[in-house]
Structures are given as structure tokens and as C-alpha cells.
Amino acid sequence: MAVPRVLILRAPGTNCDEETAFAFEAAGAVTERVHVNRLIENPKLAEDFQVLCLPGGFSYGDDIAAGRILASQLDRHLGDMVRQFCDQDRLVLGICNGFQVLMRLGVLTSGVRETQPATLTWNDHGRFEDRWVHLAVDKTKTPCVFLKGIDKMYLPIAHAEGKFVTADAEALKAFGDAGRLALRYTAADAGQASDEVLPFPSNPNGSEANVAGICDATGRLFGLMPHPERHIDPTHHPQWTRRAQQPQWGEGFAIFKNAVDYFGE
Ligand SMILES: NC(=O)CC[C@H](N)C(=O)O
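Rules behind the numbers
- Residues numbered from 1 in each chain as written.
- Predicted model: local features only at pLDDT ≥ 70, side-chain atom pairs only at ≥ 80, totals over all residues.
- Heavy atoms only, no water.
- Pairing = 2+ DSSP bridges.
- Helix = DSSP H or I, 4+ residues; strand = E, 2+ residues; numbered from the N terminus.
- Axes fitted to C-alpha atoms, helices over the stretch in contact; angles between N-to-C directions.
- Contact = heavy atoms within 4.5 Å.
- 1 Å grid on protein atoms, 1.4 Å probe; cavity = no way out; pocket = protein on both sides within 12 Å on 5 of 7 lines; lining within 4 Å.
- Points joined across faces, edges and corners; volume = space filled by probe spheres on them.
- Near = heavy atom within 4 Å.
- Polar contact = N/O pair within 3.5 Å; in protein donor to acceptor, adjacent residues only side chain to side chain.
- Areas by Shrake-Rupley, 256 points an atom, 1.4 Å probe, with all protein chains shown as cover.
- Nonpolar A, V, L, I, M, F, W, Y, C, P; charged D, E, K, R; others polar.

Caption draft 1: Representation of the sheet that holds strand β7 (residues 152-159). The strand order β2-β1-β3-β4-β11-β10-β9-β6-β7 describes an open sheet built from nine strands, whose pairing is mixed. Looking along the sheet, the strands with just one partner apiece sit at the ends: β2 (30-35) and β7. Across the sheet, the mean angle from the axis of one strand to that of its neighbour is 25 degrees, orientation sign disregarded. With six bridges connecting them, strand β1 (residues 5-10) and β2 associate as parallel partners. Residue pairing for β2: Leu-9 is matched across the bridge by Val-34. The strands touched by helix α7 (residues 253-262) are β4 (91-95), β7 and β11 (221-224); relative to β4, the strand with the most contacts, the crossing angle is about 165 degrees.

This is the structure:
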């Protein structure tokens, strides 16, 4: 099986790059954490990689809006590199702040309309929310490579600007019809994605259609607000000491394994 090489992009304020590298390596990938300035000096560095991952954190201190400055850096200096990952048969994953960057870049929302159809904005309650949430995959129709075979997950969130909003109902429907609203917040153990907005705390930020993560039309580009790299070991689970038996992996692991397996198919 081909072993994919994962470029984990760092910027000032990134704080989840080591955990994300650990998760990909546990799943069988080779990783390198590369600072955005190194790539700007030499964009050819990216040619060796099959997966681009933007990890979580507070890139550039969330100034202007979370992910805005790193997205501008990528757009202004590394547009060709981003396009290569998006257009070729490679994968792109954005986790939390990385998801925010991908949304600002517009790569996850392309194909819906000319003007920006969706964004991530401040949580409804206006505060940083740091806790575990229940999630369900919109299984019937999503093309998302990263969510293959996953029904539901229990993962931590830690964000202030995670509310998914669309320009209008038509845009929301276009994403939904294509299965691009791939990952949703649910009530405890509901196990099923629902479009009807759930109240807090099931939906932690007020996202339309309870959206926690979306993918592009091909399913190769995916962004999510929860942190799968923070649930790799079963002992990451808040109740692990009360379980009679431990599973082999935490519930976020399958996302990284799916990315690695994609290159073995
Ligand atoms: N954990 C993260 O990546 C946080 C993202 C961003 N800094 C926010 O608060 O919304």
C-alpha cells in the first residue's frame, strides 16, 4: 500500500500540529510539519506530499477573523500550491482553525455560486466553547472520503468562531442536496443527522442544519470544527475509566485512517 506523505501546515499561533502529526502517523502516514514562511520561500516543497492538513489553533492570533490572515497568505503567495492539492487526486483536511482557513479561501464552498455562499462566524453565545460533542455523519449521500464507514463520533470542540451560516436557504439546500453538509452535531446518542436546528447544548454554536463539517463536491477536501486528533487513544474519552473494555482506538482515529487508506485503494 502506498504510504501518503502529509504536509501539516504551521503558522504563528498554530497549536494542534504535533497532535495532528501523531494521529496521521498512528494511521500509517508519513508527516512533516512545515511553517508557512518556509513554503512561501520555496513552494516546491509541497510537491512531495499527497495530503495537505491545516491543523487547529489561533493562527495570527485570530486577528480580523479566525483564519483570515493565513487564508490571505495562502491566497496571495501559495495559490498554485493550494490549487494543486485541490485539483489533483490529493486530499485536503482542515481542523477547526484549519477549517476556518479553508472557508475563508473558498475551496470547500466552490461550485455552489459565484459569490461566497457560506462562512463560519461567532458562536451564538459569543464565547469560546470547550467541551465534548456528539456528532453524526450525513451518511446517505456524502462523498466525503474522510468520513467513509463512520456513523457517529464523540469528539472535543474548542472554538469561538464555529457557527456555519449560508447566504440563503437556496445555498444551504445546494450543499445539502450534494451531501456536502457531511458532519452534524446531534443530541446525545441520537446517532442521526438532522436539518432542523437543535437547541444549545446539542448544537454548540447555532450552526445552520447543525453543521460541524463540510466537504467539496468530490469529497477529497474536508473541514470540521471538532478535533479528531484529540480522540486518538481510548483514554482520551472522558469516561474511559468507567468502561469495562477499551476499544483499540479513540473515535477520531478513523478520519486519519480513511485518509491513509484512500491511497491504498
Ligand atoms: N481550536 C481551534 O482551532 C480554535 C479556532 C479559533 N481560534 C476559534 O477560536 O474559533
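Caption draft 2: View of empty space enclosed by the protein. Counted by the stated rule, this structure contains two cavities of 30 Å³ or more. Quantified by volume, the largest cavity comes out at close to 40 Å³. Every residue along the wall of the largest cavity is listed here: Leu-52, Leu-54, Leu-74, Val-82, Cys-86, Val-92, Leu-102, Leu-105 and Val-107. Of all the secondary structure elements, the ones that give two or more residues to the lining of the largest cavity are β3 (51-54), α4 (79-87) and α5 (97-105).

Caption draft 3: Region of interest: the site of the ligand. Among the 13 residues in the neighbourhood of the ligand, the closest are listed as Gly-57, Asp-62, Cys-96, Gln-100 and Ala-158. Here a nitrogen atom of the ligand sits 2.6 Å away from a polar atom, N or O, in the side chain of Asp-62. The contact in question runs from an oxygen atom of the ligand to an N or O atom on the side chain of Gln-100, over 2.9 Å. With the chains in place, 99% of the 300 Å² that the ligand exposes on its own is no longer accessible. Here the residues of the shell around the ligand sort into five nonpolar, six polar and two charged.

The analysis is restricted to geometry; functional conclusions fall outside its scope.
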